[in-house]
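# Secondary and tertiary structure notes
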Amino acid sequence: MEKIFDSEFYSKLHKLRMSIAMHLASGMSGGRKSNAKGNSVEFSDFREYRLGDDFRRIDWNAYGRFDKLYVKLFMEEKEGIFNLFLDTSKSMDFGEANKSVAALRIMAALSYVILDNSDRVYINYLGKDGLTESKGYAGRQAFPKITEMLEKVSFDGEAALYRSMQQKQLNRRGMSVLLSDGYTENLEDIFKYMKYKNQDIVFIHVLAPEEIKPSFDGTVLLVDSENSSEMRMTMSSSMMKAYKNSYKNFIRNIEVLCKKYAVTYIPVSSADSLDSLFFHSLSRISRQV
């Protein structure tokens, strides 16, 4: 079984931290962080001192009480709220380069960058039993807990994505990121719900090479991974042409929906390298949101 979070993954994460500079939160419409951090005179909160912080903002009274260094936060620095939603239906467990592995790596990388920017991230699974949601994670020390949790995700059955999404109480404005192969009839309803809840939306569309450009030949047995229904089909040239046209329409319809609801659309192949996933796909979020 392919190891999801290997040494190469962690090496790329450190490079990602240096290259993206985390514009995710500062780019949110109606953003909660200004470029000139800490200029507000309105005090908001404390957080533990980190290397590189302005030592003039250390609260020495807090140090005297807790024997730890804390810095003062101001209104411009209130944390952003990020919800990551993962489609855990069986169809995501597909491909020689498995879609689930690519999606989990992207989830982890996004979490890493969000935590590194002093924001809060919630991990949400949209599965056959509805919504499974984590507590909010903040601070770099939470990252190992997130990767440990992601390594235990199972992809099984049919996910009622919209029904699961409706169970999420999005009470604060923030950014919601959906990772899915898009095999649902309710994608527009999901976008509507997120928009109604004042979310900035990103859809990371994960597909396997076998779905993007299939190379099947002869007679094949197609099995629906979610409901186990079967169909025997001869992959003639006319059938392949019909599939390509259907695939183009599938992508076009998603692109139209994303444009309609101002969703940042990021198509991803599960066979993409970690460099492509991290430095191309994720950097597009920081530029477009």
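Numbering of residues starts from 1 in each chain and follows the order in which that chain's sequence is written. In view of the model being predicted, local features appear only for residues whose pLDDT reaches at least 70, and side-chain atom pairs are presented and counted only at 80 or more, with totals across whole chains, interfaces and linings using the full set of residues. By convention in this description, side-chain values take in all heavy atoms of the structure and omit both hydrogens and water.

### Structural notes on unusual backbone geometry
Positioned with a positive phi, serine 118 is a non-glycine residue whose angle comes to about 65°. Position of serine 118 among the secondary structure elements: in the loop between α3 (99-116) and β4 (120-127). Residue classification places serine 118 among the partly exposed residues on the basis of a relative accessible area of 23%. Strands here are runs of E lasting at least two residues and helices are runs of H or I lasting at least four, both read from the DSSP assignment and numbered beginning at the N terminus. Partly exposed residues are those whose accessible area sits between 20% and 50% of the maximum for their type, while under 20% is buried and over 50% is exposed, using a 1.4 Å probe and protein chains only.

### Considerations on the confidence of the model for the chain
Looking at the chain, pLDDT values average 82 and 76% of them are 70 or higher. Note that residues 21-41 has pLDDT below 50 and, in this model, 49 contacts with residues that lie over four places away or in other chains. The pLDDT value expresses, per residue, how confident the predictor is, ranging between 0 and 100. We call two residues in contact whenever any of their non-hydrogen atoms come within 4.5 Å of each other.

### Points about the pattern of salt bridges
Each salt bridge in this description consists of a side-chain nitrogen of Lys or Arg and a carboxyl oxygen of Asp or Glu lying within 4 Å of one another. This structure, assessed with the given rule, holds ten salt bridges. In this structure, the salt-bridge partner of lysine 168 is glutamate 133, at a minimum N-O distance of 2.8 Å. Of this pair, lysine 168 sits in the loop between α5 (161-166) and β7 (174-180) while glutamate 133 sits in strand β5 (residues 130-133), and the two are 35 residues apart along the sequence. You can call lysine 168 buried: its relative accessible area is 5%. By relative accessible area, which is 45% here, glutamate 133 ends up partly exposed. In the salt-bridge network here, residues are joined through shared partners; they are Lys99, Asp181 and Glu211.

### A closer look at the packing of aromatic side chains
When we look at a pair of aromatic rings, we describe it by the centre distance and by the angle of the planes. Only Phe, Tyr and Trp rings are paired, with Trp represented by its six-membered ring, and only when their centres lie within 6.5 Å; those with planes under 30 degrees apart are stacked, over 60 edge-to-face, the remainder tilted. Scanning the entire structure with this criterion turns up seven aromatic pairs. Ring centres of tyrosine 112 and phenylalanine 143 lie 5.1 Å apart, and the angle between their planes is 75°; this geometry places the pair in the edge-to-face category. Note that tyrosine 112 is positioned in helix α3 and phenylalanine 143 in helix α4 (residues 143-150), a separation of 31 residues in sequence. Here the two residues tyrosine 112 and phenylalanine 143 agree in accessibility, since each one is buried. Aromatic pair phenylalanine 191 and phenylalanine 203: ring centres 6.0 Å apart, planes at 65°, arrangement edge-to-face. Taken as a pair, phenylalanine 191 in helix α6 (residues 187-196) and phenylalanine 203 in strand β8 (residues 199-207) lie far apart in primary sequence, twelve residues in all. Accessibility assignment for this pair places phenylalanine 191 and phenylalanine 203 in one class, buried.

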